[in-house]
Amino acid sequence: MGSVSSNILVKLQHMSESVFVGLCKIVGTSQQVAMRRETHDIREMVTRRAISNDGIIEMVSGSHREGFRLKGSDLDLMYWPNHHRVIMDLSQSEFYNTANTTLILSDSSESPPGFTLFQLLTSTRSIFVQSACVRMNDKVYISSSIHRGLICSSIFPSHNTTVHGPCSSGNLAGKIEYDTAWCFVCDFWPLSASSWINRCRSWPDPEVVNDIVRNGCHFVAIGHPFGPYEYEEWRISFSRAEYKCVSAMNHCQFLTYGLLKLFLKEVINQQSEETNELLCSYHMKTTIFWAIQQNTLPHWCPQNLLVGFWVCFKLLLKWVYKGICPNFFIPQNNMFLTKVYGSAQNRLFLQLHELYKKGMACLLQSSSIRSYIFDVLYNPRAFVCTDESVMRYEFDYDIDIYRNISTLSAMKISHPKFKDTVEQLIHSPLTQQQVLILQRLTTFILQHTAFILNNMCTNTSVNKHMYIADKMSCHMLKLAAKFGCVSDMLYIAMYYNKTLRYREALSVIEMAKVKLAQPYLMYNIHVDRERYNEAVGGQSWSTKMRHAVAWDIELDTRIYYISELIPEQQSALQNSVPVLDIPVFVMLHFLEFLCYRHIDTTLSQAALDELQVLVHHDQGLYIHDLQREISWEILGICQQITGNLQSALYSYQQSQITQYPFHKIQTATQRRIQDIV
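Residues numbered from 1 in each chain as written. Predicted model: local features only at pLDDT ≥ 70, side-chain atom pairs only at ≥ 80, totals over all residues. Heavy atoms only, no water.

(A) Spatial organisation of the overall build of the protein chain. Within the protein chain, the secondary structure is distributed over 28 helices and 16 strands. Here the protein chain has a C-alpha radius of gyration of 28 Å; the compact-globule value for 677 residues is 26 Å, and the two agree. Viewed in the frame of its principal axes, the protein chain has a C-alpha envelope of about 85 × 75 × 55 Å. For the protein chain, with 677 residues in total, the buried portion stands at 54%. (Helix = DSSP H or I, 4+ residues; strand = E, 2+ residues; numbered from the N terminus. Rg over C-alpha atoms; globule rule 2.2 N^0.38 Å. Buried < 20%, exposed > 50% of the residue type's maximum accessible area, 1.4 Å probe, protein only.)

In structure tokens, the structure reads:
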């Protein structure tokens, strides 16, 4: 019997190793996950330093922040006003200057665990807070339901936003699902969660615990449905603390968390429509938090991954049976109370128990995981290497880092403090990834500053000032192109076109065309892998970005770059769209057309012909679905300039009917159509 059980154990460990390797491919290696987190950490650190007291702070939360890039995952965002603070008792008010900070008192005396009322203590400049105030027992409170409704109808009003729990949920251009929670921040750890501190004996480490407690918590706009003040209450959110706990996991624990998420999505939620809304990813996260902290598995390693999964699954099954899912930070807050009870609870338990009876074989129902289990079942003697350093090639990490860096483009970098913050960071000890991120941020700063300076001096009558500003702008754009990516050269061409130096612009465009035509170019993660490795393999990320990477051209809708696109920028800005995201080859032909029409009409028409072929026939290689709207618009502008009104009308109509109106330029398009007809 001993040898049989030993045999089974060896097979289970072998299978665990295979699933570990598979999850590293699906979820990422520890280095990839760390890179994703670090990008967000730096982004947050830089923007936080640049936000003024009356600004709005943004924080990416949820699975994206934790390092997951699973298909179908939402983008979770939290926003809060920097000039509002929640305090737990009146004595904490002494830490704030009430002249520029609105204080809110958390009153949880009559609320269920994890929930609280908000008493407004000082005056507020926020129209949302003012409009959400209600009077109870001669005191002024902020109603969560009123506040949530006001935010939902005012933020992203044109993106089909709906209320989902405490969040405004919707999608951008029909593609990017998002949840945005407008919340309030508290610099203090809630008393109701003090038991969690004492519970952290083995995990997380004391240093992590202290960091979590020091950073306080947030409050989101939703009350307890069984509480006495459902429409006024606010719920404590531990999003930042959860991120710190996830970051404190070893990679095997993190992959187990990923396996639980996949199991929920691909197995549990696929079995019955009656139960597929009862459990959510947050329950999976809570399960593994408790499993790790209770030390139910001494060694979380690749050989024990499936054992760790099974520990979590049994804990979840136990919770469903009892109808109790204790919040990790406030156990008295039962997160099953409103959904998993009664007949729904019974159905869910029976469903999970059927899976439990199948043992580890229940994972064969997961479309993502089953092949890695079959690999071992069919070839039990095969060697499985769990060394992460040989699982991924250099190229895979390059793809991941540049995909992460591309998310930096949404940063509001025109704030004057932003430049100072980046300068401070440059003088700090930096990793290779941090250097790359700051390199990209500095490029943005130089480009923005150059065009802002030009816009400021356009109407000045002092030639000397214009000359100095022009010289500075040119220098900044050339410097940005020197250590930016390949496509950053086009910002110089844009500037020369804007200042009527068409031949200089065309000279830059020709150089850019040569570089963009290189067979090893990585454009929007499209690349010939072999050519790329031959050309830049083994070099630093910084060097690779300068010589082999191109991104799309982003035009801040508040800054004018090309006069022909001003109506589109104004239309986008009116709809709260911060940038026009233009495919690099569309911009290349557009600029070439604009410049050549002042020099050589034949070459100008040739550039237009190339643009037309690109827009009409591209299959997603050079123009993303979200960019078809602006690409058709630019083609129409060029056609209208040449007098080909029939073709221009067709292009504008195509821009209007694109599936994903990402840039919200319909107002500009309609005006252009009216001008033609």
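(B) Fine view of the pattern of salt bridges. One pass over the full model with this rule turns up 21 salt bridges. Between K357 and E354 there is a salt bridge, and its shortest N-O distance comes to 2.9 Å. Taken together, the positions of K357 and E354, both in helix α12 (residues 342-357) and three residues apart, correspond to about one turn of that helix. Of the charged contacts in the structure, one is a salt bridge between K513 and E592, with a shortest N-O distance of 3.0 Å. With K513 in helix α20 (residues 502-516) and E592 in helix α24 (residues 584-596), the pair connects residues that are 79 residues apart, well separated along the chain. (Salt bridge = Lys/Arg side-chain N within 4 Å of Asp/Glu carboxyl O.)

(C) View of a nonpolar patch on the surface. Where nonpolar side chains cluster on the molecular surface, the patch consists of F226, L337 and Y341 and spans about 320 Å² of accessible area. Assessed through its relative accessible area of 35%, L337 is described here as partly exposed. (Patch = residues over 30% accessible without salt bridge, like charges linked within 9 Å, V, L, I, M, F, W, Y side chains within 5 Å. Areas by Shrake-Rupley, 256 points an atom, 1.4 Å probe, with all protein chains shown as cover.)

(D) Structural context of the environment of D387. Tracing the backbone through its elements, the reader meets D387 in the loop between α13 (370-378) and α14 (388-391). D387 gets classed as partly exposed once you look at its relative accessible area, which sits at 38%. When the C-alpha positions of D387 and V267 are compared, they lie 29 Å apart, and in sequence the two are 120 residues distant.

(E) Region of the structure containing the environment of S108. Mapped onto the elements of the fold, S108 is located in the loop between β4 (102-107) and β5 (115-120). Taking relative accessible area as the criterion, S108 reaches 43% and is therefore assigned partly exposed. Sequence separation between S108 and M88 is 20 residues, and the spatial gap between their C-alpha atoms is 9.1 Å. When residues no more than four places from it in sequence are discounted, the contact partners of S108 are F115 and T116. (Contact = heavy atoms within 4.5 Å.)

(F) Quick peek at the state of the cysteines. The full count for this structure, using the stated rule, is zero disulfides. With no disulfide of its own, C312 has C252 as its nearest cysteine by sulfur position, at a separation of 10 Å. Left without a disulfide partner, C362 is nearest to the cysteine sulfur of C312, which lies 13 Å away. (Disulfide = S-S within 2.5 Å.)

(G) A look at α20. With 15 residues, α20 extends 20 Å from end C-alpha to end C-alpha; this agrees with the ideal 21 Å at 1.5 Å per step. Buried residues of α20: Y502, A505, L506, V508, I509, A512 and L516, and no others. In an axial view of α20, the angular spread of the buried residues amounts to 160°, which keeps them on one side of the axis. Across from the buried face of α20, at angles greater than 90 degrees, the exposed residues are R503 and V514. (Expected span 1.5 Å × (residues − 1). Arc of directions from axis to C-beta.)

(H) Structural view of the side chain of Q627. Inspection of the secondary structure puts Q627 in the loop between α25 (601-617) and α26 (628-642). By relative accessible area, Q627 is classed as buried at 2%. Those residues in contact with Q627 that sit more than four places away from it in its chain are D552, D581, I582, P583, Y622 and H663.

(I) Here's a closer look at the pairing of strand β3 (residues 84-87). Both faces of β3 are covered, namely the face carrying H84 and V86 and the face carrying R85 and I87. Judged from the four bridges that link them, β3 and β4 form a sheet pairing that is parallel. By the bridge assignment, V86 is partnered in β4 with I104. (Pairing = 2+ DSSP bridges.)

(J) Inspection of unusual backbone geometry at higher detail. Backbone torsion omega between W203 and P204 reads -10°, so that peptide bond is classified as cis. Relative to the helices and strands, P204 resides in the loop between α6 (194-199) and α7 (206-214). At N137, a residue that is not glycine, the phi angle is positive and equals roughly 50°. Here N137 lies in the loop between β6 (133-136) and β7 (139-142).

(K) Geometry of helix α15 (residues 394-405). Its 12 residues give α15 an end-to-end C-alpha distance of 17 Å, which sits within 8% of 16 Å, the value for a rise of 1.5 Å per residue. Within α15, 10 of the 12 residues are buried, which leaves the element mostly enclosed by the surrounding structure. Within α15, burial applies to F395, D396, Y397, D398, I399, D400, I401, Y402, N404 and I405.

(L) The packing of aromatic side chains, seen in detail. Per the stated rule, a full pass over the model turns up 36 aromatic pairs. Between W310 and Y356, the ring centres sit 5.4 Å apart and the planes meet at 10°, which makes this aromatic pair stacked. Taken together, the positions of W310 in helix α11 (residues 305-322) and Y356 in helix α12 put the pair 46 residues apart, joining distant regions of the chain. Residue Y356 is classed as partly exposed on the basis of its relative accessible area of 30%. Ring-pair connections join several aromatic residues into one group, and the members of that group are W189, W196, W203, F238, F289, W290, F328 and F329. (Phe/Tyr/Trp six-rings, centres within 6.5 Å; stacked < 30°, edge-to-face > 60°.)

(M) Main features of the packing of α15 against helix α21 (residues 529-536). As a packed pair, α15 and α21 sit with axes 11 Å apart at the nearest point and diverge in direction by 95°. Taken together, the axes of α15 and α21 are roughly perpendicular relative to one another. Facing α15, whose interface residues are E394, F395, D396, D398 and Y402, α21 presents R529, Y532, N533 and V536. Across the contact of α15 with α21, the residue classes break down as four nonpolar, one polar and four charged. (Axes fitted to C-alpha atoms, helices over the stretch in contact; angles between N-to-C directions. Parallel < 35°, antiparallel > 145°, perpendicular 65-115°, else oblique. Nonpolar A, V, L, I, M, F, W, Y, C, P; charged D, E, K, R; others polar.)

(N) Quick peek at the side chain of Q32. If you trace the backbone, Q32 turns up in helix α2 (residues 30-50). Of the residues examined, Q32 reaches a relative accessible area of 3% and is grouped as buried. A polar contact is formed between the side chain of Q32 and the side chain of D400, at a distance of 3.0 Å. Excluding anything up to four places from it in sequence, Q32 contacts C24, R392, D396, Y397 and D400. (Polar contact = N/O pair within 3.5 Å; in protein donor to acceptor, adjacent residues only side chain to side chain.)

(O) Focus on the packing of helix α23 (residues 566-574) against helix α28 (residues 666-676). At a minimum axis distance of 7 Å, the contact between α23 and α28 shows a crossing angle of 140°. Taken as axis vectors, α23 and α28 run oblique relative to one another. Here α23 contributes P567, E568 and S571 to the contact with α28, which in turn contributes Q666, T667, A668 and R672.

(P) Molecular detail of the pairing of β4. The buried fraction of β4 amounts to six of the six residues, a majority that puts the element mostly inside the structure. Every second residue of β4 is oriented toward a common face, with T102, I104 and S106 on one face and L103, L105 and D107 on the other, all of them buried.

(Q) Inspection of the environment of L262 at higher detail. Along the chain, L262 turns up in helix α9 (residues 251-271). Here L262 falls in the buried class, since its relative accessible area comes to 6%. A C-alpha to C-alpha distance of 7.3 Å links L262 and S366, two positions 104 residues apart in sequence. Those residues in contact with L262, other than ones at most four positions away along the chain, are L23, I26, L70, V267, S368 and I369.

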